[in-house]
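Chain residues, written in single-letter form:
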Amino acid sequence: YGATIASVKTLLVNQHKFNLSAKDLADMDRVFSVFLESGPGMDYSSGGSFTGGWSMPTYAELMTADDRAAIPVNRSYLASEENYRAIRDLQRNNLIVPLVGDFAGPKAIRAVAEYLRGHNATVTAFYLSNVEQYLFNDGVERKFYENVATLPLDSSSRFIRTFGPASGGGGFGGFSFDTETAAIQKDIAAFKEGRVSSYYDLRNLSH
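Here the structure is a predicted model, which means the values were calculated and not measured.

Undergrad: Got a sec to walk through the nonpolar core? Specific residues and values, please.
TA: One finds F126, F144, V148, L151, F159, I184 and L202 to be the most contacted residues of the largest nonpolar core, which totals 24 residues. Ranked by the residues each element gives to this core, the list is headed by helix α8 (residues 184-192), at four residues. Setting aside residues up to four positions removed in sequence, F159 forms contacts with F126, L128, F144, Y145, V148, E180, T181, A182, I184 and D187.

Undergrad: So what's going on with the pattern of salt bridges? Residues and values would help.
TA: Side-chain pairs of opposite charge can arise whenever the charged atoms involved come near each other. Scanning all chains against the criterion turns up nine salt bridges. Notably, a salt bridge pairs K23 with D27, separated by 2.9 Å at the nearest N-O pair. Taken together, the residues K23 and D27, both in helix α2 (residues 22-38) and four residues apart, mark about one turn of the helix. With relative accessibility at 57%, the residue K23 sits in the exposed group. We classify D27 as partly exposed; its relative accessible area is 25%. One salt-bridge network, held together by shared partners, links E132, R161 and D187.

Undergrad: Give a description of the sheet that holds strand β3 (residues 178-183) that names residues and reports values.
TA: The strand order across the open sheet built from three strands is β1-β2-β3, with neighbouring strands paired in mixed fashion. Only two strands of the sheet have a single partner each, and these edge strands are β1 (125-129) and β3. For this sheet the average axis-to-axis angle between neighbouring strands, irrespective of direction, equals 20°. Here strand β2 (residues 158-163) runs beside β3; their pairing, made up of six bridges, is antiparallel. If you follow F163 over to β3, its bridge partner there is D178.

Undergrad: Please give an account of the layout of surface pockets that cites residues and values.
TA: Estimated volume of the second largest pocket: approximately 680 Å³. Taken together, the elements giving at least two residues each to the lining of the second largest pocket come down to α5 (108-118) and β1. For the lining of the second largest pocket, the element with the highest residue contribution is α5, accounting for four residues. When the residues that make up the lining of the second largest pocket are grouped by side-chain class, the tally is 17 nonpolar, three polar and no charged.

Undergrad: Provide a residue-level description of the confidence of the model for the protein, including the pertinent values.
TA: Should the pLDDT be low somewhere, the predicted coordinates at that spot are not to be read in detail. Per-residue confidence for the protein gives a mean pLDDT of 89; residues scoring 70 or more make up 90%. Mean pLDDT across the secondary structure elements of the protein bottoms out at β3, with 87, and peaks at helix α7 (residues 141-149), with 98.

Undergrad: Tell me what's going on with a nonpolar patch on the surface, and back it up with residues and numbers.
TA: A cluster of nonpolar side chains, contributed by Y77, L78, Y84, I87, L90, L95 and I96, occupies part of the molecular surface with about 580 Å² of accessible area. As for its position among the elements, Y77 is in the loop between α3 (59-64) and α4 (81-92).

Reading the values: rules and limits
Residues numbered from 1 in each chain as written. Predicted model: local features only at pLDDT ≥ 70, side-chain atom pairs only at ≥ 80, totals over all residues. Heavy atoms only, no water. Core = buried A, V, L, I, M, F, W, Y, C linked by side-chain atoms within 4.5 Å. Buried < 20%, exposed > 50% of the residue type's maximum accessible area, 1.4 Å probe, protein only. Helix = DSSP H or I, 4+ residues; strand = E, 2+ residues; numbered from the N terminus. Contact = heavy atoms within 4.5 Å. Salt bridge = Lys/Arg side-chain N within 4 Å of Asp/Glu carboxyl O. Pairing = 2+ DSSP bridges. Axes fitted to C-alpha atoms, helices over the stretch in contact; angles between N-to-C directions. 1 Å grid on protein atoms, 1.4 Å probe; cavity = no way out; pocket = protein on both sides within 12 Å on 5 of 7 lines; lining within 4 Å. Points joined across faces, edges and corners; volume = space filled by probe spheres on them. Nonpolar A, V, L, I, M, F, W, Y, C, P; charged D, E, K, R; others polar. pLDDT = per-residue confidence, 0-100. Patch = residues over 30% accessible without salt bridge, like charges linked within 9 Å, V, L, I, M, F, W, Y side chains within 5 Å. Areas by Shrake-Rupley, 256 points an atom, 1.4 Å probe, with all protein chains shown as cover.

See below:
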């Protein structure tokens, strides 16, 4: 544990030259300690940062879950050696690029759209978790969907979003939250047509 966290900090500070503050480094220690203390049994409440009382799946349960199809398939990156190597190779080749930005802001999503169009690429999946819930609460959902509309999309492009108990989520495996996919272009059209006025309306769309 000590050797690993030290090597991570050395890589970020000495090699990549990131100007990390004392708080940044302390936060890294805190987050990394959760992996040590909870292992594959960690969930959203591990480390004491969440005390909502809802039932959350553990990391092990997420990695072993299937897609609920008629013939179930486990699609996690740990489901097979092939899946794992695909993600590992992306990481080793610096092809997993974290971005920090405001979904409803004027830059982040639109900059991604410009980059993708310049490389003749199409968005296939956009993972949202339940961020839209906060966008609706803040009244900035229109800006978000306008941003998304600038992305290169086709009929296969999918949102991946999470619904909690208040929006009818939960039930599968006894957990409080549920994850679903939806066609991005159809969701944008539904919003423009006035069929989506709240986060909870998204679950009632027919697609």
